[in-house]
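# Commentary on secondary and tertiary structure
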Amino acid sequence: MFSWLNNNNQSEMPEKKELDPDNIPAHVAIIMDGNGRWAQKRHLPRVAGHKQGMNTVKTITKAASNLGIKVLTLYAFSTENWKRPEDEVNYLMKLPVDFFDDFVPELIANNVRVNVMGYTDQLPQKTQTAVANAIKDTQDCDGMVLNFALNYGSRAEITTAVQTIAKSVQQGELKPEDISSEMISAHLMTAPLGQYQDPDLVIRTSGEERISNFLLWQIAYSEFVFMAPHWPEFTADLLNQAVYEYQHRKRRFGGLTK
Ligand code: IPE
Ligand code: IPE
Ligand code: MG
């Protein structure tokens, strides 16, 4: 990893790196981490970090769309995040309402289509309505897909898929030996993303280097870039740096490099 990826000080960044327009990762997935620590460092309540993080989502959505990324998946709330204090959870549940209220016209202007994956039926009614409206309002956009993982957890996702497939076997519609890797993929929440279901690049901010139950099946051959800045201070420039690093990796998929 390049040392400047872990450098918070923008003034020490090297000059802007040129990206290869023919090697932009089609699916970029981001674990947006560090909102709480960003706020606490400034003696603000944790929710102030979530609010600032929402502004970062707007910036990065536009930057990703301009780069030609096809799918931007953002991990917004995990199935484990319900463990947090009620006030914080309530705030996080209201954020999509504020976000879409404000940002849907810009999404449409940028030709960005909203998709949401996760156990959305467990979200508060207002959140569900905001999500459903955003999906409907952007359904004709055919540019980048902005895919929110909201009440998403990969173990739950895989468990649900296994249950569905097991029912087909039980009903005699399917033989166990006919279960394929493609069939499993087709039962996951990323299936609607078609050829872009598996992320090419996964970015995690805030310096933590773990997956936290995110897209466990789909990341089999993803490239990982871990970066020190917290999500509220993430910038288009940092996204470019992650893509630059991606472009200098050699993806082998188990084979040999040409
Ligand atoms: C990421 O920031 C946002 C969510 C998980 C909802 P955190 O809230 O996890 O911030 P830290 O990791 O505690 O700093
Ligand atoms: C992962 O961050 C989930 C999201 C970014 C939504 P967490 O902050 O919940 O992960 P852990 O608890 O540090 O592993
Ligand atoms: Mg965190």
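In short, a report on the structure. (Residues numbered from 1 in each chain as written. Chains lettered and ligands numbered in written order. Predicted model: local features only at pLDDT ≥ 70, side-chain atom pairs only at ≥ 80, totals over all residues. Heavy atoms only, no water.)

### Some details on the pattern of salt bridges
- Inspection of every chain in the model, using the stated rule, returns 14 salt bridges.
- Two residues, Lys-62 and Glu-106, come together in a salt bridge whose shortest N-O distance is 2.7 Å. Taken together, the positions of Lys-62 in helix α2 (residues 46–67) and Glu-106 in helix α3 (residues 86–109) put the pair 44 residues apart, joining distant regions of the chain.
- Since its relative accessible area comes to 28%, Lys-62 is described here as partly exposed.
- Ionic contacts of the salt-bridge type, sharing partners, join the residues Asp-33, Arg-37, Arg-204, Glu-208 and Arg-210 into one network. (Salt bridge = Lys/Arg side-chain N within 4 Å of Asp/Glu carboxyl O. Helix = DSSP H or I, 4+ residues; strand = E, 2+ residues; numbered from the N terminus. Buried < 20%, exposed > 50% of the residue type's maximum accessible area, 1.4 Å probe, protein only.)

### Looking at the packing of α3 against helix α4 (residues 125–137)
- Axis separation between α3 and α4 bottoms out at 8 Å; the angle between their running directions is 15°. The pairing of α3 with α4 is recorded here as roughly parallel in orientation. Seen from above, α3 lies across α4 with left-handed handedness. On the side of α3, the interface is formed by Met-93, Pro-96, Val-97, Phe-100, Val-104 and Ile-108, while α4 contributes Lys-126, Thr-127, Ala-130, Val-131, Ala-134 and Asp-137. (Axes fitted to C-alpha atoms, helices over the stretch in contact; angles between N-to-C directions. Parallel < 35°, antiparallel > 145°, perpendicular 65-115°, else oblique. Left-handed = near helix turned anticlockwise from the far one by under 90°. Contact = heavy atoms within 4.5 Å.)

### Looking at the site of ligand 1
- Surrounding ligand 1, one finds 13 residues, the nearest of these being Met-32, Asp-33, Arg-37, Arg-46 and Arg-84.
- A distance of 3.1 Å separates an oxygen atom of ligand 1 from a polar atom in the backbone of Asn-35.
- Between ligand 1 and the protein, one listed contact pairs an oxygen atom with a side-chain N or O atom of Arg-46 at 2.9 Å.
- Relative to its unbound accessible surface of 380 Å², ligand 1 loses 87% to contact with the protein.
- Elements that contribute at least two residues to the shell around ligand 1 include exactly α1 (35–41), α2 and α3.
- Broken down by element, the residue count for the shell around ligand 1 peaks at three residues, all from α1. (Near = heavy atom within 4 Å. Polar contact = N/O pair within 3.5 Å; in protein donor to acceptor, adjacent residues only side chain to side chain. Areas by Shrake-Rupley, 256 points an atom, 1.4 Å probe, with all protein chains shown as cover.)

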